[in-house]
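# Summary of the model geometry
If you want the building blocks of each chain, they are given just below.
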Amino acid sequence: MDRIHIRGGTPLRGTIHIGGAKNAALPLMAASLLTGGTLALSNLPHLADISTMAKLLSELGVDISMDGYASGGGHVGRVFRLTAGNLTQTTAPYDLVRKMRASVLVLGPLLARAGHARVSLPGGCAIGTRPVDLHLKALEQLGAEIELTEGYIEARAEKGLVGARIVFPMVTVGGTENLLMAACLAKGETVLSNAAREPEVADLAHCLVAMGAKIDGIGTDTLTIQGVDTLHGADYSVVPDRIETGTYAIAAAITGGELTLKGARADLSEAVFKVLTSAGVEITDTDQGLRIARTNGPLRGADMMTEPYPGFPTDMQAQVMTLMAVADGASMITETIFENRFMHVPELCRMGADINVHGSSAIVRGVDGLSGAQVMATDLRASVSLVLAGLAARGETVVNRVYHLDRGYERLEDKLSACGADIRRMAE
Ligand code: UD1
């Protein structure tokens, strides 16, 4: 298993290219199941989760070709051409769903197009139980018959899905995406209320419209879909990754450096940038991209609470906590989306952070500096928070189990070392 070695203390300077969003790319790839036409997706990030989704779709009969990988001077992202001419099967097996929960996003499109889907139940994961009950209840409201047998969701709608009014009892990103895709091919009108407003949901909706879907209310919490008989192929470019953007913004801030994030969009990260600005980080929109700097004075503690978009994203909680660990004063960080999403806390404390967890809140008392240590990555965002801590710490930090990072950060060590970080990956 690979490990990442970091010698901290160097202020980062330079330019980092922000790739396409993993969380947008995954549902967009699943949307290819809805049509026999070719969906050409550009600006796809090169990540383990994207390969897992490609593998799953190939097993279902989607033909995938790839091009557009630029090298030397810049990375422009890959293009995948996905053609689901004939679906050869409708089962998403345990081995792939276990690796990546987002595999469950094939459920809605398979059911809508083929009238049948058999998808392994995802089971528990490192950041909590994360059930899919809301996806299933909503699909039942569209007329699907659903049974749970032998660890699998068995869903049928042989006469097709029928539009309905669905009110999600809580905001679910994946649930909204599954239902949005299914409703495009259902008969009549579907209204999704209390729908997730995440930019990745809007990206999916815009792509579906380019494929011939009829969707109103994109970007709001009420999506109205008029079902159509068929969808067609389209060309679509994936939205930039707001979590990668926020993560590198913190890398600049925590090292007291200055980075330009090329391709990043400030409008997708307002809640995160509000916290960073109040902590003393300068963020400027320039022709070259977003310039992030912390050159004047110490960081200040700031409170925040995770919430559905446009609130503060849970996927940035661990990274911001790391920044607050070295800020002046105390910060209160409350996690409202997932249970058990403080697994980075004991690891940060091993590096000298002063953090106490009380239920779903953590009190972070800023310390003068962190010190390098051996730490263990537990999930994707927790792992990157340890890399950020290592960039700021005195001495050497070794992050173990880095396969989590490869699920969500493309060429992390290359991007950071090009800006002056002393970071390298070592194979065990
Ligand atoms: C997506 C993101 C993930 C992000 C999360 C919240 C992808 C691939 N992943 O995950 O990075 O952290 O949104 O922004 O886009 N819930 C239920 N029943 C359900 C569905 C969800 O109880 O049927 C609960 C979950 O356990 C969780 C909350 O609802 O507590 C939000 O989950 P959800 O928005 O569905 O997250 P994902 O789509 O899995």
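Data block above holds the structure.
Here's what I pulled together on the structure shown here. (Residues numbered from 1 in each chain as written. Predicted model: local features only at pLDDT ≥ 70, side-chain atom pairs only at ≥ 80, totals over all residues. Heavy atoms only, no water.)

## Some remarks on the packing of helix α4 (residues 107-114) against helix α6 (residues 173-184)
How we decide: Fitted lines through C-alpha atoms give the axes, limited to the stretch in contact for helices. The angle between two N-to-C directions lies from 0 to 180 degrees. What counts as a helix is a DSSP run of H or I of at least four residues, what counts as a strand is a run of E of at least two, and both are numbered from the N terminus. Should an angle lie under 35 degrees it is considered roughly parallel, over 145 roughly antiparallel, and from 65 to 115 roughly perpendicular; all remaining angles are considered oblique. The sense of a crossing depends on the near helix, which, turned anticlockwise from the far helix by less than a right angle, makes the crossing left-handed and, turned clockwise, makes it right-handed. A contact between two residues is defined here by any heavy atoms of the two lying within 4.5 Å.
Running from N to C, α4 and α6 point in directions that differ by 15 degrees, and their axes come no closer than 7 Å. Classed by the angle they form, the pair α4 and α6 counts as roughly parallel. The chirality of how α4 crosses α6 is right-handed. Between α4, through Leu107, Gly108, Pro109 and Ala112, and α6, the contact on the second element is made entirely by Asn178, Met181 and Ala182.

## Digging into the pairing of strand β9 (residues 152-156)
The condition is simple: A 1.4 Å probe rolled over the protein chains alone gives each residue an accessible area, and that area as a share of the maximum for its type sets the label: buried under 20%, exposed over 50%, partly exposed in between. Strand pairing is assigned whenever DSSP detects at least two bridges linking the two strands.
Burial within β9 is extensive, with four of its five residues counted as buried. Inspection of the sheet shows strand β7 (residues 116-120) paired to β9 by five bridges, in the antiparallel sense. If you follow Ala117 over to β9, its bridge partner there is Ala155. For strand β8 (residues 145-149) and β9, the ladder comprises five bridges, and the chain directions are antiparallel.

## Let's talk about the environment of Gly175
Residue placement: Gly175 occurs in helix α6. Note on Gly175: relative accessible area 0%, which makes it buried. Sequence spacing of Gly175 and Ala195 is 20 residues, and the spatial spacing of their C-alpha atoms is 8.5 Å. Excluding its chain neighbours within four sequence positions, the residues that come into contact with Gly175 are His135 and Phe168.

## Section: unusual backbone geometry
Look at the link from Tyr309 to Pro310: it is a cis peptide, with omega at 10 degrees. You can see Pro310 is positioned in the loop between β18 (304-305) and α10 (317-324). The phi dihedral of Asn340 falls on the positive side, at around 60 degrees, and the residue is not glycine. With respect to the helices and strands, the residue Asn340 is situated in the loop between β19 (330-334) and α11 (344-350). We note that Arg411 has phi near 45 degrees; this positive angle belongs to a residue other than glycine. Looking at the secondary structure, you find Arg411 in the loop between α13 (403-406) and α14 (412-417). We classify Arg411 as partly exposed; its relative accessible area is 35%.

## Notes on the pattern of salt bridges
For clarity, the cut-off: Counted as salt bridges are all cases of a side-chain nitrogen of Lys or Arg within 4 Å of a carboxyl oxygen of Asp or Glu.
Scanning the entire structure with this criterion turns up 19 salt bridges. Residue Arg242 pairs with Glu200 through a salt bridge whose shortest N-O separation is 2.8 Å. One end of the pair, Arg242, is in helix α8 (residues 242-254); the other, Glu200, is in helix α7 (residues 199-210), with 42 residues separating them in the sequence. As far as the burial class goes, Arg242 and Glu200 line up, both buried. Connected via shared salt-bridge partners are Asp2, Asp406, Glu413 and Arg425.

## Side note on the site of the ligand
Inclusion rule: The criterion for a residue being near a molecule or strand is simple. One of its heavy atoms has to lie within 4 Å of it. We call two N or O atoms a polar contact when they sit within 3.5 Å, provided that within protein one can donate a hydrogen and the other can accept it, with sequence-adjacent residues counted only if both atoms are side-chain atoms. Accessible surface area values rest on a Shrake-Rupley calculation with a 1.4 Å probe, where residue burial reflects the displayed protein chains alone. All residues other than Ala, Val, Leu, Ile, Met, Phe, Trp, Tyr, Cys, Pro, Asp, Glu, Lys and Arg, Gly among them, are scored as polar; the first ten of these are nonpolar and the last four charged.
Surveying the vicinity of the ligand reveals 19 residues, the closest of which are Asp133, Leu134, Thr172, Asp315 and Ile337. At 2.7 Å from a nitrogen atom of the ligand is found a side-chain nitrogen or oxygen belonging to Asp133. For the ligand, whose unbound accessible area comes to 740 Å², protein coverage reaches 86%. Where the shell around the ligand is concerned, the elements lending two or more residues are α5 (133-141) and α6. Ranked by residues supplied to the shell around the ligand, first place goes to α5 with three residues. Looking at the shell around the ligand residue by residue, the class counts come to nine nonpolar, five polar and five charged.

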